[in-house]
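Topology and contacts: notes
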Amino acid sequence: MQGVDPSNPKISTNNLSEINFSNTSLREADLSGVNLSDAILTGADLTGANLLATCFNCADLKDVNFNRVDLSNADVSEADLSGADLSCANLSYTNFSDAYLTDAKLHEADLSFADLRNADLSYTNLSKIKFSRANLSSADLRRAELFEADLSEVDLSFTELDEADLSDTKLNWADLSNANLSKADLSKANLCGANLNGTNLSRANLSDANLMTTDLRETDLQEANLTGACILDWVINDRTNLTDVQCDYIYFGWDAEKQQPTDRRPHNPNETFAPGDFARLMEQSRETVDLIFSNGIDWSAFLTSFQNLQVTGEHGELSIQGINKKSDGSFVISVDVPQTSDKGAIEKDFQVQYKSELKRIEAQYQAELKLKDVELEGYRRENTNLNQIVRLIAANQSLSNYQTFNAPTYGVAGQTNNQTVNLEAEESDGES
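For the structure given in this document, a descriptive report is provided here. (Residues numbered from 1 in each chain as written. Predicted model: local features only at pLDDT ≥ 70, side-chain atom pairs only at ≥ 80, totals over all residues. Heavy atoms only, no water.)

1. As for the environment of Ala301
Position of Ala301 relative to the elements: it lies in helix H2 (residues 299–312). Remark: the alpha-carbon pair of Ala301 and Arg360, spanning 59 residues in sequence, is separated by 9.0 Å. Beyond its immediate sequence surroundings of up to four residues, Ala301 is in contact with Tyr354, Glu357, Leu358 and Ile361. (Helix = DSSP H or I, 4+ residues; strand = E, 2+ residues; numbered from the N terminus. Contact = heavy atoms within 4.5 Å.)

Here is the structure:
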């Protein structure tokens, strides 16, 4: 065969574009850096070959045996790899954009950092594949099997994944925005921190999934199954479609040590939600801004800052929905905001106001009490006692505009609080 020395299978030329190698044995051949664009290799045996940085652009690679090859940094864009065996191959950093991989064998292949944009992987078994940080945007993964695959930090935006098997899959911090995951199986999937903004999850199975801090704004969850999912600090808005969601129970907490969800709702393990209860529960968290205080609260600074936001009127009418004290001593205060408000701007403006007021108060504390920084921190932690806010409100009749501070059963993202407070400031008979 032209270009191959049988005793030392090193291709003697770097340009083999359009050559016909169909059904040829090239086992353990050194093809690194060779140009095989538009070549025909149908049924060829490339087991153990060195294909580092090889160019297979637009090549016919149907049913090729790539078992255990090093194809890293290669260009396989627009190539036809249908039915090819890529088991145990090193495919990291490989360019598969617009490639056709339907029914390819990829068992235990390494596709980390690979470029798979617009690639056709439909109906392909991708179970247990390592895709970490790969780019799969706009890829076709319809009915693909991705059981226990590692898709952490992967770009899957605008991807077709309807009816795909993604059960037990690692999708933490993945970008799935605007992807089509209708009828997909995401049971027990790890979607912690994932971007699902605008994603179609209608009729998807998300039972027992980890949805902590997941962005589900403008996401279609119609008829999706959320039974047993953990939704601690997930993000939804008024355009998140929760119509006819199936949910018998849900979790609002997470045990980091045991790596399992906690804080079940309904609390009684023998009870389940009635139809529509879950959607009604979530209504409490759609239009809120959650202000988080990890190191305690100076209630005086908080109330002054909150008043200032109200006085400016820039963000419309604001009211406190929930005060949630966490087990670690931190606080989350949920603020009801208008539906059309810029929640990011509200949070930013409040933080600016609060930090400024905090500096002023702390300077006053330092001057008057000559407190050391450590003592000052201890003072602030001591001040995170819910009784303190009661005393402040009772003493400050200028807060009569906030006649009802209602901390309902729902705090952050609809979470029922372990500690809640109901505060009512009576109307002043005289001047405030």
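2. Describing empty space enclosed by the protein
Within this structure, the stated rule accounts for one cavity of 30 Å³ or more. Volume-wise, the largest cavity comes out at about 40 Å³. Considering the residues around the largest cavity, the lining is formed by Val289, Leu291, Phe306, Leu309, Leu318, Val335, Ile346 and Phe350. Broken down by secondary-structure element, the contributors of at least two residues to the lining of the largest cavity are strand E3 (288–293), H2 and helix H3 (343–369). (1 Å grid on protein atoms, 1.4 Å probe; cavity = no way out; pocket = protein on both sides within 12 Å on 5 of 7 lines; lining within 4 Å. Points joined across faces, edges and corners; volume = space filled by probe spheres on them.)

3. Brief notes about the pattern of salt bridges
For the structure on display, the rule yields eleven salt bridges. With its nearest N and O atoms 2.6 Å apart, the salt bridge here joins Asp140 to Arg142. Salt-bridge contacts for Arg360 lead to Glu357; the nearest nitrogen and oxygen are separated by 2.6 Å. Residue Arg360 and its partner Glu357 are both found in helix H3; the two are separated by three residues, about one turn of the helix. Take Arg360: its relative accessible area is 45%, and that puts it in the partly exposed class. What emerges from the salt-bridge pattern is a single network uniting Asp60, Lys62 and Asp80. (Salt bridge = Lys/Arg side-chain N within 4 Å of Asp/Glu carboxyl O. Buried < 20%, exposed > 50% of the residue type's maximum accessible area, 1.4 Å probe, protein only.)

4. So, the environment of Ala39
Along the polypeptide, Ala39 turns up in the segment before strand E1 (250–255). Expressed as a C-alpha distance, the spacing of Ala39 and Ser17, which sit 22 residues apart in the sequence, is 5.3 Å. Beyond its immediate stretch of four places on either side in the chain, Ala39 contacts Leu16, Glu18, Ile19, Ala59 and Asp60.

5. Things to note about the packing of aromatic side chains
Summed over the entire model, instances satisfying the criterion amount to twelve aromatic pairs. Taken together, the ring pairs in this structure connect Phe293, Trp299, Phe302, Phe306, Phe350 and Tyr354 into an aromatic cluster. (Phe/Tyr/Trp six-rings, centres within 6.5 Å; stacked < 30°, edge-to-face > 60°.)

6. Examining H2
The terminal C-alpha atoms of H2 lie 20 Å apart, and with 14 residues this matches the ideal 20 Å at 1.5 Å per residue to within 8%. At the N-terminal end of H2, a side-chain oxygen is found 3.2 Å from the backbone nitrogen of Ser300, two or three residues along, and the residue is Asp298. Directly after H2, the chain includes Gly313, whose backbone phi takes a positive value near 70°. (Expected span 1.5 Å × (residues − 1). Polar contact = N/O pair within 3.5 Å; in protein donor to acceptor, adjacent residues only side chain to side chain.)

7. So, unusual backbone geometry
For the bond from Arg265 to Pro266, the omega torsion is -5°, close enough to zero to count as cis. Assignment of secondary structure puts Pro266 in the loop between strand E2 (260–265) and helix H1 (277–282). Unlike most non-glycine residues, Phe113 shows phi in positive territory, near 65°. Checked against the element boundaries, Phe113 lands in the segment before E1.

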